[in-house]
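Working through the structure, step by step
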Amino acid sequence: MDIVSTLGLTNFVMQFSRISMYPFFDMAHYTLSIMKLKEQPGAVDVAHRSPIACWFSGMLCCFGGAILASVLLGEPPIEPFTNNRNIILASVIWYLIFYCPYDKFYKCCNFLPSKLFIAGMKEVTRARKIVGGVMDAHSRYRNGWLAVIAVGWAKGAGSGLIANFEQLVRGVWIPERNELLKMSYGTKVTLIGAVLFTFQQMNYLPITRHNLIFLYTMFVVSTEGKNWRHSALLPLVQLLKKVKISKGGGQRRLSKILTKNRRIHKVIFLLDFCSIESLWMRFEIEKPFCSTNNSKSIVIYKIKCT
(Lines give C-alpha, C1' and ligand atoms only; values in the text may rest on other atoms or scores of the structure.)
Protein backbone atom coordinates (compact mmCIF):
# COMPACT_ATOMS: atom_id res chain seq x y z
CA MET A 1 0.00 0.00 0.00
CA ASP A 2 2.95 2.34 -0.59
CA ILE A 3 1.31 4.69 -3.07
CA VAL A 4 3.95 7.38 -2.65
CA SER A 5 6.88 5.14 -3.61
CA THR A 6 4.90 3.87 -6.59
CA LEU A 7 4.58 7.44 -7.84
CA GLY A 8 8.29 8.08 -7.20
CA LEU A 9 7.69 10.77 -4.59
CA THR A 10 9.56 9.20 -1.69
CA ASN A 11 12.27 11.84 -1.37
CA PHE A 12 9.80 14.69 -1.81
CA VAL A 13 7.48 13.28 0.85
CA MET A 14 10.38 12.85 3.28
CA GLN A 15 11.39 16.48 2.82
CA PHE A 16 7.77 17.61 3.07
CA SER A 17 7.27 15.84 6.40
CA ARG A 18 10.38 17.55 7.82
CA ILE A 19 9.73 21.09 6.61
CA SER A 20 9.66 23.71 9.37
CA MET A 21 6.30 25.30 10.17
CA TYR A 22 7.92 28.52 11.42
CA PRO A 23 7.51 31.20 10.26
CA PHE A 24 5.45 30.97 7.07
CA PHE A 25 3.01 28.16 7.85
CA ASP A 26 2.54 29.37 11.41
CA MET A 27 1.94 32.85 10.03
CA ALA A 28 -0.83 31.49 7.77
CA HIS A 29 -2.42 29.72 10.73
CA TYR A 30 -2.37 32.86 12.89
CA THR A 31 -3.67 35.02 10.05
CA LEU A 32 -6.66 32.85 9.24
CA SER A 33 -7.51 32.24 12.90
CA ILE A 34 -7.56 35.96 13.74
CA MET A 35 -9.46 36.77 10.54
CA LYS A 36 -12.18 34.37 11.67
CA LEU A 37 -12.16 36.11 15.04
CA LYS A 38 -12.61 39.52 13.43
CA GLU A 39 -15.60 38.24 11.45
CA GLN A 40 -17.40 37.26 14.66
CA PRO A 41 -20.26 39.63 15.63
CA GLY A 42 -19.05 42.28 18.06
CA ALA A 43 -15.34 41.39 17.80
CA VAL A 44 -14.38 44.75 16.27
CA ASP A 45 -16.23 46.63 19.02
CA VAL A 46 -14.36 44.61 21.65
CA ALA A 47 -11.08 45.47 19.91
CA HIS A 48 -11.84 49.19 20.31
CA ARG A 49 -13.25 48.96 23.84
CA SER A 50 -10.78 46.48 25.33
CA PRO A 51 -7.67 45.69 23.26
CA ILE A 52 -6.33 43.38 25.98
CA ALA A 53 -9.46 41.19 25.93
CA CYS A 54 -9.33 41.12 22.13
CA TRP A 55 -5.64 40.19 22.17
CA PHE A 56 -6.19 37.37 24.65
CA SER A 57 -9.11 36.13 22.58
CA GLY A 58 -6.87 36.14 19.49
CA MET A 59 -4.18 34.17 21.30
CA LEU A 60 -6.78 31.59 22.32
CA CYS A 61 -7.75 31.22 18.67
CA CYS A 62 -4.10 30.79 17.65
CA PHE A 63 -2.92 28.52 20.48
CA GLY A 64 -6.17 26.89 21.58
CA GLY A 65 -5.03 23.44 20.45
CA ALA A 66 -1.79 23.55 22.44
CA ILE A 67 -3.61 24.90 25.51
CA LEU A 68 -6.30 22.19 25.45
CA ALA A 69 -3.75 19.43 24.81
CA SER A 70 -1.68 20.67 27.77
CA VAL A 71 -4.74 20.49 30.02
CA LEU A 72 -5.52 16.92 28.90
CA LEU A 73 -1.90 15.83 29.49
CA GLY A 74 -1.74 17.43 32.93
CA GLU A 75 0.71 20.12 31.89
CA PRO A 76 0.46 23.86 32.68
CA PRO A 77 -1.96 25.48 30.18
CA ILE A 78 0.29 28.56 30.19
CA GLU A 79 3.11 26.60 28.56
CA PRO A 80 2.24 27.59 24.94
CA PHE A 81 2.81 31.23 25.97
CA THR A 82 6.45 30.52 26.80
CA ASN A 83 7.36 30.43 23.10
CA ASN A 84 8.21 34.11 22.70
CA ARG A 85 8.79 34.17 18.95
CA ASN A 86 5.40 32.59 18.17
CA ILE A 87 3.62 34.91 20.60
CA ILE A 88 5.29 37.95 19.05
CA LEU A 89 4.46 36.78 15.52
CA ALA A 90 0.82 36.12 16.41
CA SER A 91 0.57 39.47 18.20
CA VAL A 92 1.92 41.38 15.20
CA ILE A 93 -0.61 39.67 12.91
CA TRP A 94 -3.41 40.39 15.41
CA TYR A 95 -2.46 44.07 15.46
CA LEU A 96 -2.35 44.34 11.66
CA ILE A 97 -5.71 42.62 11.18
CA PHE A 98 -7.55 44.73 13.76
CA TYR A 99 -5.72 48.08 13.66
CA CYS A 100 -4.05 48.44 10.24
CA PRO A 101 -4.98 51.83 8.69
CA TYR A 102 -7.94 51.61 6.31
CA ASP A 103 -8.12 47.87 7.08
CA LYS A 104 -5.65 47.25 4.24
CA PHE A 105 -4.03 44.14 5.70
CA TYR A 106 -7.36 42.40 6.35
CA LYS A 107 -8.69 43.28 2.90
CA CYS A 108 -5.55 41.96 1.24
CA CYS A 109 -5.74 38.67 3.15
CA ASN A 110 -9.50 38.41 2.59
CA PHE A 111 -9.08 38.64 -1.19
CA LEU A 112 -10.23 35.22 -2.42
CA PRO A 113 -6.98 34.04 -4.12
CA SER A 114 -4.99 35.17 -1.08
CA LYS A 115 -7.45 33.52 1.27
CA LEU A 116 -7.28 30.22 -0.61
CA PHE A 117 -3.48 30.30 -0.46
CA ILE A 118 -3.47 31.10 3.26
CA ALA A 119 -6.07 28.42 3.97
CA GLY A 120 -3.98 25.82 2.14
CA MET A 121 -0.88 26.73 4.14
CA LYS A 122 -2.88 26.58 7.37
CA GLU A 123 -4.05 23.04 6.60
CA VAL A 124 -0.41 21.93 6.36
CA THR A 125 -0.03 22.79 10.04
CA ARG A 126 -3.09 20.74 10.98
CA ALA A 127 -1.43 17.39 10.26
CA ARG A 128 1.71 18.40 12.19
CA LYS A 129 -0.33 19.37 15.23
CA ILE A 130 -2.29 16.12 15.16
CA VAL A 131 0.93 14.10 14.90
CA GLY A 132 2.49 16.07 17.75
CA GLY A 133 -0.51 15.47 20.00
CA VAL A 134 -0.67 11.77 19.12
CA MET A 135 3.03 11.23 19.83
CA ASP A 136 2.91 13.12 23.15
CA ALA A 137 -0.10 11.12 24.32
CA HIS A 138 1.29 7.81 23.05
CA SER A 139 4.48 8.32 25.07
CA ARG A 140 2.32 8.41 28.22
CA TYR A 141 -0.57 6.08 27.36
CA ARG A 142 0.79 3.42 25.02
CA ASN A 143 -2.31 1.26 25.10
CA GLY A 144 -4.90 4.00 25.67
CA TRP A 145 -5.89 4.61 22.07
CA LEU A 146 -8.95 6.66 23.10
CA ALA A 147 -6.77 9.04 25.14
CA VAL A 148 -4.30 9.31 22.25
CA ILE A 149 -7.10 10.17 19.82
CA ALA A 150 -8.51 12.77 22.23
CA VAL A 151 -5.17 14.56 22.63
CA GLY A 152 -4.46 14.51 18.89
CA TRP A 153 -7.95 15.85 18.20
CA ALA A 154 -7.57 18.55 20.84
CA LYS A 155 -4.21 19.69 19.50
CA GLY A 156 -5.45 19.90 15.92
CA ALA A 157 -8.86 21.50 16.54
CA GLY A 158 -8.53 23.02 20.01
CA SER A 159 -9.44 26.56 18.97
CA GLY A 160 -12.87 25.33 17.87
CA LEU A 161 -13.36 23.08 20.88
CA ILE A 162 -12.72 25.93 23.34
CA ALA A 163 -14.71 28.46 21.31
CA ASN A 164 -17.21 28.95 24.14
CA PHE A 165 -14.44 29.97 26.52
CA GLU A 166 -13.00 32.32 23.90
CA GLN A 167 -16.45 33.90 23.51
CA LEU A 168 -16.64 34.43 27.27
CA VAL A 169 -13.45 36.49 27.08
CA ARG A 170 -15.27 38.81 24.67
CA GLY A 171 -18.35 38.91 26.92
CA VAL A 172 -20.44 36.59 24.76
CA TRP A 173 -22.17 33.42 25.91
CA ILE A 174 -23.81 31.29 23.21
CA PRO A 175 -23.94 27.70 24.51
CA GLU A 176 -25.84 26.41 21.48
CA ARG A 177 -22.72 27.08 19.38
CA ASN A 178 -20.81 24.39 21.21
CA GLU A 179 -18.50 22.68 18.73
CA LEU A 180 -19.39 19.25 20.08
CA LEU A 181 -23.08 19.84 19.35
CA LYS A 182 -22.55 20.97 15.79
CA MET A 183 -19.09 20.19 14.49
CA SER A 184 -17.51 22.27 11.77
CA TYR A 185 -15.65 20.74 8.85
CA GLY A 186 -12.26 21.42 10.47
CA THR A 187 -13.25 19.65 13.69
CA LYS A 188 -14.57 16.62 11.81
CA VAL A 189 -11.56 16.23 9.55
CA THR A 190 -9.23 16.67 12.53
CA LEU A 191 -11.01 13.85 14.37
CA ILE A 192 -10.59 11.62 11.32
CA GLY A 193 -6.91 12.54 11.18
CA ALA A 194 -6.46 11.82 14.90
CA VAL A 195 -7.92 8.34 14.42
CA LEU A 196 -5.72 7.64 11.38
CA PHE A 197 -2.49 8.83 13.01
CA THR A 198 -3.30 6.95 16.21
CA PHE A 199 -3.78 3.70 14.31
CA GLN A 200 -0.57 4.37 12.40
CA GLN A 201 1.32 5.07 15.63
CA MET A 202 0.06 1.77 17.08
CA ASN A 203 1.02 -0.11 13.89
CA TYR A 204 -2.55 -0.87 12.86
CA LEU A 205 -2.12 0.93 9.53
CA PRO A 206 0.47 -0.43 7.05
CA ILE A 207 1.82 2.99 6.07
CA THR A 208 4.74 5.10 7.20
CA ARG A 209 4.16 8.31 9.14
CA HIS A 210 5.61 10.69 6.55
CA ASN A 211 3.51 9.11 3.79
CA LEU A 212 0.36 9.46 5.88
CA ILE A 213 1.23 13.08 6.69
CA PHE A 214 1.59 13.84 2.99
CA LEU A 215 -1.60 12.05 1.88
CA TYR A 216 -3.68 13.50 4.71
CA THR A 217 -2.38 17.02 4.05
CA MET A 218 -3.17 16.79 0.33
CA PHE A 219 -6.67 15.62 1.16
CA VAL A 220 -7.48 18.42 3.63
CA VAL A 221 -5.90 21.11 1.44
CA SER A 222 -7.97 20.09 -1.59
CA THR A 223 -11.25 19.79 0.32
CA GLU A 224 -10.67 23.01 2.26
CA GLY A 225 -10.07 24.88 -1.00
CA LYS A 226 -13.43 23.69 -2.31
CA ASN A 227 -15.13 24.81 0.89
CA TRP A 228 -13.62 28.31 0.66
CA ARG A 229 -14.66 28.68 -3.00
CA HIS A 230 -18.19 27.63 -2.10
CA SER A 231 -18.38 29.94 0.92
CA ALA A 232 -17.27 32.90 -1.20
CA LEU A 233 -20.64 32.80 -3.01
CA LEU A 234 -22.77 32.30 0.11
CA PRO A 235 -23.34 36.04 0.78
CA LEU A 236 -24.61 36.43 -2.80
CA VAL A 237 -26.87 33.39 -2.59
CA GLN A 238 -28.35 34.51 0.72
CA LEU A 239 -28.96 37.99 -0.65
CA LEU A 240 -30.60 36.80 -3.86
CA LYS A 241 -32.96 34.52 -1.96
CA LYS A 242 -34.40 37.63 -0.28
CA VAL A 243 -34.76 39.62 -3.50
CA LYS A 244 -37.98 39.49 -5.51
CA ILE A 245 -37.60 40.24 -9.23
CA SER A 246 -40.62 41.78 -10.91
CA LYS A 247 -41.16 43.20 -14.37
CA GLY A 248 -40.35 46.84 -14.86
CA GLY A 249 -38.06 48.20 -12.14
CA GLY A 250 -36.72 44.84 -11.01
CA GLN A 251 -33.25 45.29 -12.48
CA ARG A 252 -32.90 48.83 -11.08
CA ARG A 253 -34.00 47.71 -7.62
CA LEU A 254 -31.73 44.66 -7.64
CA SER A 255 -28.68 46.59 -8.82
CA LYS A 256 -29.30 49.19 -6.10
CA ILE A 257 -29.40 46.48 -3.44
CA LEU A 258 -26.28 44.77 -4.75
CA THR A 259 -24.26 47.98 -4.88
CA LYS A 260 -24.78 48.36 -1.12
CA ASN A 261 -23.10 45.02 -0.49
CA ARG A 262 -19.38 45.65 -0.98
CA ARG A 263 -18.52 41.95 -0.72
CA ILE A 264 -20.26 41.24 -4.04
CA HIS A 265 -18.33 42.44 -7.07
CA LYS A 266 -19.06 41.04 -10.54
CA VAL A 267 -21.75 38.45 -11.10
CA ILE A 268 -24.30 37.12 -13.54
CA PHE A 269 -27.09 34.84 -12.39
CA LEU A 270 -30.09 32.96 -13.81
CA LEU A 271 -33.55 33.32 -12.28
CA ASP A 272 -36.40 30.93 -12.97
CA PHE A 273 -39.54 32.41 -11.43
CA CYS A 274 -37.37 34.20 -8.86
CA SER A 275 -35.45 31.06 -7.87
CA ILE A 276 -31.68 30.94 -8.27
CA GLU A 277 -30.46 28.25 -10.63
CA SER A 278 -26.86 29.11 -11.51
CA LEU A 279 -24.11 31.64 -10.87
CA TRP A 280 -21.34 32.85 -13.20
CA MET A 281 -18.75 35.60 -13.04
CA ARG A 282 -19.23 38.41 -15.57
CA PHE A 283 -18.53 42.13 -15.89
CA GLU A 284 -20.98 44.98 -16.41
CA ILE A 285 -24.65 45.93 -16.23
CA GLU A 286 -26.69 45.15 -19.32
CA LYS A 287 -30.39 45.01 -20.10
CA PRO A 288 -31.95 41.66 -19.25
CA PHE A 289 -32.33 39.09 -21.99
CA CYS A 290 -35.57 37.11 -21.70
CA SER A 291 -36.32 33.78 -23.35
CA THR A 292 -39.22 31.37 -23.11
CA ASN A 293 -38.63 27.64 -22.86
CA ASN A 294 -41.39 25.20 -21.86
CA SER A 295 -43.44 27.99 -20.27
CA LYS A 296 -40.51 29.01 -18.07
CA SER A 297 -39.27 32.57 -18.19
CA ILE A 298 -35.50 32.86 -17.71
CA VAL A 299 -34.09 36.33 -17.07
CA ILE A 300 -30.34 36.93 -17.31
CA TYR A 301 -28.91 39.96 -15.48
CA LYS A 302 -25.38 41.26 -15.77
CA ILE A 303 -24.49 43.43 -12.80
CA LYS A 304 -21.32 45.24 -11.79
CA CYS A 305 -20.97 46.54 -8.24
CA THR A 306 -19.43 50.03 -8.03
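Residues numbered from 1 in each chain as written. Predicted model: local features only at pLDDT ≥ 70, side-chain atom pairs only at ≥ 80, totals over all residues. Heavy atoms only, no water.

The geometry of an aromatic ring pair is captured by two quantities: the separation of the ring centres and the angle between the planes. Taken as a whole and judged by the stated rule, the model has eleven aromatic pairs. Plain terms: the ring middles of Phe 197 and Tyr 216 are 5.6 Å apart, the flat faces sit at 80° to each other, and that makes the pair edge-to-face. Placement of the pair is Phe 197 in helix 11 (residues 185–201) and Tyr 216 in helix 12 (residues 209–232), with a sequence separation of 19 residues. A relative accessible area of 4% places Tyr 216 in the buried class. Positioned above the aromatic ring of Tyr 106, the side-chain terminus of Lys 38 is 4.6 Å from the ring centre. Taking NZ or CZ as reference, Arg 85 lies 4.0 Å from the ring centre of Tyr 22, over its face. (Phe/Tyr/Trp six-rings, centres within 6.5 Å; stacked < 30°, edge-to-face > 60°. Helix = DSSP H or I, 4+ residues; strand = E, 2+ residues; numbered from the N terminus. Buried < 20%, exposed > 50% of the residue type's maximum accessible area, 1.4 Å probe, protein only. Lys NZ or Arg CZ within 6 Å of the ring centre and 35° of its normal.)

This paragraph deals with the environment of Trp 173. With respect to the secondary-structure elements, Trp 173 resides in the loop between helix 10 (163–169) and helix 11. Taking the relative accessible area as the measure of exposure, Trp 173 reaches 54% and is therefore exposed.

Moving on, we get to the pattern of salt bridges. For the structure on display, the rule yields six salt bridges. Note that Glu 75 is salt-bridged to Arg 140, the shortest N-O span being 2.8 Å. Within this pair, whereas Glu 75 is found in the loop between helix 5 (51–72) and helix 6 (84–99), its partner Arg 140 is found in helix 8 (residues 112–140), the two being separated by 65 residues in sequence. Judged by its relative accessible area of 41%, Arg 140 falls in the partly exposed class. Asp 136 is the salt-bridge partner of Lys 155, the closest N and O atoms lying 3.8 Å from each other. Taken together, the positions of Lys 155 in helix 9 (residues 145–161) and Asp 136 in helix 8 put the pair 19 residues apart, joining distant regions of the chain. The class for Lys 155 is partly exposed, based on a relative accessible area of 23%. (Salt bridge = Lys/Arg side-chain N within 4 Å of Asp/Glu carboxyl O.)

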